[in-house]
Each structure stands twice: as C-alpha cells, then as structure tokens.
Amino acid sequence: KLLEAILLQAEVLDLKGNPEARASGTVLEASLEKGRGPMVSVLVSRGTLKVGDPVVAGPFAGKVKALTDDKGRAVKTAGPAYAAEILGFEGVPSAGEKFFAMATEADARKVAEARVDSKRAQMSGTGSKISLEDLFAKSNAGEMKELNVVLKSDVFGSCEAIKESLIKASTAKVKVKVLLAAPGGITESDVLLASASNALIIGFNVRPETKARQLAEAEHVEIKTYTIIYELIDDVKAAMTGLLDKKNVEKFLGRAEVRQIFTVPKIGTVAGTSVIDGKILR
C-alpha cells in the first residue's frame, strides 16, 4: 500500500530524476572494511553516477573506483532511483549525509576541506584537555558539567548503539555530549576537533592513524580504544562516578606493511613486511 501510494504521488506530481545531470543522492550506510577501505552505500536521486566520478559526502571526498549494485554485481553506472555501493571515498561519511558528484577531484577536496574547517570553527573553544581519570575530581569541584566525546567505530550501527548508551549514562553531575559519532579510523581531523572542543576520543574496533596519534600526543588529547562495548561504557561510567581503576596502557611501538605472503613447508604462512615507523620487537 505504501509503495502504491508513493508511485501514485510520483505520477500525479510528475516527479522525475534527470539522468543527464551530475549525480547526487543520499548515503544509506557506510563502513570500514578490512582490505577494501571505506565502503559507502548510496541511493542516487538525481543524475547518473559513473565509475571515475569525483564525489563528496560530508567532510570526505573521493573518486569512484568501483560501483556495485544491490545484488553485489559490478556496474559502470547508477541512475536515478538506483542504490549502489561506492569504493573510493577517503573516509567514512555518516548515514543520511547527502553525496554529490563533482566536476573535478580538486573541487571535491575543496568542498570537503571547507566543511571540515566549518565544523572545527563551530566546535572551537578554550580550556585544558580532559582525561577519564581526572573527570570525577573536576565534577566534584563543580568545574565539569559536560563530557565531550568524539566517537569513531568500524561500522555505523556500532556508532549509533554506543552513542545512545553514552548519552543514557549521563548523570545529574556530568552530561555526556557526543560531538561526533562516525564510522572510520581515528584521523587528524578527529584529533583537531577533540582539541578544539576539549573532548575525549573513543575508538571502537578502530585504531588511530600514525599522524593522528602523533598529533594527539602533541595536543595532549586522550585517545581510548576498545573492542568490547560494555568495557567502553563501564569505563566512562566509572570515570563519572570516581570508580576508575588504573588500566593497562596499550603502548604503540611500531607499524609495518605486509608486502608479500608466502608459505614455508613445516613452518606455515610467513608475511614479508616492511617497517613503516617505530620498531617491531620479537
């Protein structure tokens, strides 16, 4: 009945999508997949999206490297009213964001950078950086009324679930405010946002990039990473009630890139790697 009503309205109002226009539409879902990077499902509402098109959605730009239809088949184009999955974004936009195909990659990057700067300006503020350990002391002294959080996760679904749990964890003394909840790795822009707004960065099933980690150390922004949701929620709740015990700290030593995989009889699979930064210990 709903579909019939929609089709009837579309016919009466003579609603049509121009397939010749530059593509635009809505992000349905986005996730960070191992080995592939950001995968963004979109619904094209106007124009025709083609492989090779520069695109922008929210603060992220990219170029369409591959298109997949709703049945997982590779396609070259996606016209009005068609859903497709895009490979080629530099980051993971939020579900519900509008996407646009641009004339050039430079235009797409310019729009994305302008949006990042605008967001940063909105969130800018002053104040010393906060950590979970000193949160309770500040709240007792009447200095802390709000805990700002930048939340990053591997998929959008996890972000939404954790965001709701954090908001529900707010108490009469401390209110949890999630400034950003988005899928994707922890980037420099996340650190800059956290630094400007005096926020904590919490990662679920994601790690900070090397430059983001270095920037966080320079800006004294705390990054907490978790793989289990209840541990994340418990840590925040414990900090808010002054029950946070000292935790084992994960110390970053180094990072290596796998160049080739080969198998040695009686030994198993061996990964030939090249150290990118830091050091690797036996």
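My aim in this report is to walk through the structure given alongside it, one point at a time.

Definitions and limits used
Residues numbered from 1 in each chain as written. Predicted model: local features only at pLDDT ≥ 70, side-chain atom pairs only at ≥ 80, totals over all residues. Heavy atoms only, no water. Helix = DSSP H or I, 4+ residues; strand = E, 2+ residues; numbered from the N terminus. Buried < 20%, exposed > 50% of the residue type's maximum accessible area, 1.4 Å probe, protein only. Contact = heavy atoms within 4.5 Å. Areas by Shrake-Rupley, 256 points an atom, 1.4 Å probe, with all protein chains shown as cover. Pairing = 2+ DSSP bridges. Axes fitted to C-alpha atoms, helices over the stretch in contact; angles between N-to-C directions. Parallel < 35°, antiparallel > 145°, perpendicular 65-115°, else oblique. Left-handed = near helix turned anticlockwise from the far one by under 90°. Nonpolar A, V, L, I, M, F, W, Y, C, P; charged D, E, K, R; others polar. Expected span 1.5 Å × (residues − 1). Arc of directions from axis to C-beta. Core = buried A, V, L, I, M, F, W, Y, C linked by side-chain atoms within 4.5 Å. Salt bridge = Lys/Arg side-chain N within 4 Å of Asp/Glu carboxyl O.

We now examine the overall build of the chain. Helices and strands together make up the secondary structure of the chain, namely 7 helices and 15 strands. For the chain, the proportion of its 282 residues judged to be buried stands at 39%. When contacts within the chain are restricted to residue pairs at least 6 apart in sequence, long-range pairs at least 24 apart make up 65% of them. Carbon and sulfur atoms make up 53% of the accessible area of the chain, which totals about 16,600 Å².

This paragraph deals with the sheet that holds strand S11 (residues 175–183). Strands sit in the order S11-S10-S12-S13 across an open sheet of 4 strands; the sheet is parallel. Looking at strand neighbours, the two that pair on one side only are S11 and strand S13 (223–226), the edges of this open sheet. Going across the sheet, the axis of each strand differs from the next one's by a mean of 25 degrees, ignoring polarity. Of the pairings in the sheet, the one linking strand S10 (residues 146–153) to strand S12 (residues 199–204) comprises 6 bridges and is parallel in character. From the neighbouring strand, Val150 faces S12, where its bridge partner is Ile201. Sheet strands in contact with helix H4 (residues 156–168) are S10, S11 and S12, and its direction is about 180 degrees off that of S11.

Glancing now at the packing of helix H5 (residues 188–197) against helix H6 (residues 210–219). Relative to each other, H5 and H6 sit at 20 degrees, their axes nearing to 8 Å. Relative to H6, H5 is oriented roughly parallel. Here H5 and H6 pass one another in a crossing that is right-handed. On H6, the residues touching Glu188, Val191, Leu192 and Ser195 of H5 are Lys211, Ala212, Leu215, Ala216 and Glu219. Residue classes in the contact of H5 with H6 are distributed as 5 nonpolar, 1 polar and 3 charged.

This brings us to H4. Taking 1.5 Å of rise per residue, 13 residues should cover 18 Å, and H4 covers 19 Å from first to last C-alpha, within 8% of that figure. The complete set of buried residues in H4 reads Phe156, Ser158, Cys159, Ile162 and Leu166. The buried residues of H4 all sit within an arc of 150 degrees when viewed along its axis, so they share a single face.

This part is about the nonpolar core. In a soluble, globular protein the nonpolar side chains are often hidden away together inside. In terms of nonpolar packing, the biggest core is built from 19 residues, with Val27, Val42, Leu49, Ile86, Phe89 and Phe99 touching the most fellow members. Elements with a minimum of two residues in this core: strand S1 (24–33), strand S2 (37–46), strand S4 (54–57), strand S5 (60–68), strand S8 (83–89) and strand S9 (98–101). Not counting chain neighbours up to four residues away, the residues in contact with Phe89 comprise Pro38, Val40, Val55, Val56, Ala57, Phe60, Ala61 and Gly62. Judged by nonpolar contacts, the second largest core, of 17 residues, contains Leu147, Cys159, Val176 and Leu200.

Before going further, it helps to examine the pattern of salt bridges. In total, this model carries 9 salt bridges according to the counting rule given. Notably, a salt bridge pairs Asp69 with Arg73, separated by 2.9 Å at the nearest N-O pair. Take Arg73: its relative accessible area is 49%, and that puts it in the partly exposed class. Here Glu222 ties to Lys224 by a salt bridge, and the two come within 3.5 Å at their closest N and O atoms. Residues Glu222 and Lys224 agree in their burial class; the two are buried.

This next bit is on the pairing of strand S15 (residues 268–278). Pairing analysis gives 10 bridges linking strand S14 (residues 254–264) to S15, with the strands arranged antiparallel. Across the sheet, Ile261 pairs through a bridge with Ala271, a residue of S15.

Another aspect to go through is the environment of Ile223. For Ile223, the position within the fold is in strand S13. Residues Ile223 and Ala212, spaced 11 residues apart in sequence, show a C-alpha to C-alpha distance of 9.9 Å. The contacts of Ile223, once residues within four sequence positions are left out, are Ile186, Ile201, Pro208 and Ala216.

Moving on to unusual backbone geometry. Phi at His220 is positive, roughly 60 degrees, even though this residue is not glycine. When you line up the elements, His220 lands in the loop between H6 and S13. With a phi close to 70 degrees, Lys266 is a non-glycine residue in the positive phi region. Turning to its location among the elements, Lys266 is positioned in the loop between S14 and S15.

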